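Residue-level structure breakdown
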Amino acid sequence: MHCGGVLELAGNAFVGGDLRAEGELRCGKGVQAGGDVCAAGLRTGHGIVAGRSICSAMHIEAGWGVKAGEAIAADGAIRAGESLEAGGEIRAGAGYGVFAGLDVHVQAWKASARVSACRKPAGLMSGWWAGRATP
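Please read all numbers here as calculations on a predicted model, not as lab measurements.

Section: the environment of Asp75
- Along the polypeptide, Asp75 turns up in the loop between strand E11 (72–74) and strand E12 (78–80).
- The class of Asp75 is partly exposed, set by a relative accessible area of 47%.
- The spacing of Asp75 and Ser56 is 19 residues in sequence and 6.4 Å in space, taken between C-alpha atoms.
- What Asp75 contacts, discounting residues up to four positions off in sequence, is Ser56, Ala57, Met58, Arg91, Gly93 and Tyr96.

This is how it looks when you write it as structure tokens:
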């Protein structure tokens, strides 16, 4: 699915392949795609799940967790209310941070604010580093 501008959805988005927006992608609930999820900016009230990569030319922000089969990459900050998991790298833009567990009590980070990727993200500011993601 390709949108040539801003894509704003009140509910959930389920796409079998890639989901791309030339503008910001704003979703009131969750986004799930079998392929890549890429947009100029990416904000969801719930979570984001992609079979391949998640990328944004600005920030990635999810009220719940973010999970990608490959990389999670943004030119801005990456913010998740709960966990972040990537089969590849998690990379925020230069000078920006990676934040997990923003909506989770610090004592629950090990269970609910896990950060998993092929290597520890540079700029990891919050969340519990769990190491390499397991398939």
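Once you've had a look at it, read on.
Re the sheet that holds strand E10 (residues 66–68)
- Across the sheet, which stays open at both edges, the seven strands sit in the order E3-E5-E7-E10-E13-E16-E18 with parallel pairing between neighbours. Where the open sheet ends on each side, the last strands, each with one partner, are strand E3 (13–15) and strand E18 (128–131). Pairs of neighbouring strands in the sheet enclose a mean axial angle of 10°, with direction left out of account.
- Bridge analysis of strand E16 (residues 114–116) against E18 gives three bridges, and the strand direction is parallel. In the strand pairing of E18, Arg114 is matched with Trp128.

A closer look at the nonpolar core
- Ile54, Ile72, Ile78 and Ile90 are the most contacted members of the largest nonpolar core, which has 33 residues in total.
- In terms of residues, this core owes the most to one element, strand E4 (residues 19–27), which gives four residues.
- Not counting chain neighbours up to four residues away, the residues in contact with Ile78 comprise Ile60, Ile72, Leu84, Ile90, Arg91, Ala92, Gly97, Val98 and Phe99.

A look at the pattern of salt bridges
- Inspection of the entire model under this criterion finds eleven salt bridges.
- Notably, a salt bridge pairs Asp18 with Arg20, separated by 3.7 Å at the nearest N-O pair.
- Given a relative accessible area of 24%, Asp18 falls into the partly exposed group.
- According to the relative accessible area criterion, Arg20 is partly exposed, its value standing at 31%.
- The network of salt bridges with common partners includes Glu8, Glu24, Arg26, Arg43, Glu61 and Arg79.

Basis of the calculations
- Residues numbered from 1 in each chain as written.
- Predicted model: local features only at pLDDT ≥ 70, side-chain atom pairs only at ≥ 80, totals over all residues.
- Heavy atoms only, no water.
- Helix = DSSP H or I, 4+ residues; strand = E, 2+ residues; numbered from the N terminus.
- Buried < 20%, exposed > 50% of the residue type's maximum accessible area, 1.4 Å probe, protein only.
- Contact = heavy atoms within 4.5 Å.
- Pairing = 2+ DSSP bridges.
- Axes fitted to C-alpha atoms, helices over the stretch in contact; angles between N-to-C directions.
- Core = buried A, V, L, I, M, F, W, Y, C linked by side-chain atoms within 4.5 Å.
- Salt bridge = Lys/Arg side-chain N within 4 Å of Asp/Glu carboxyl O.

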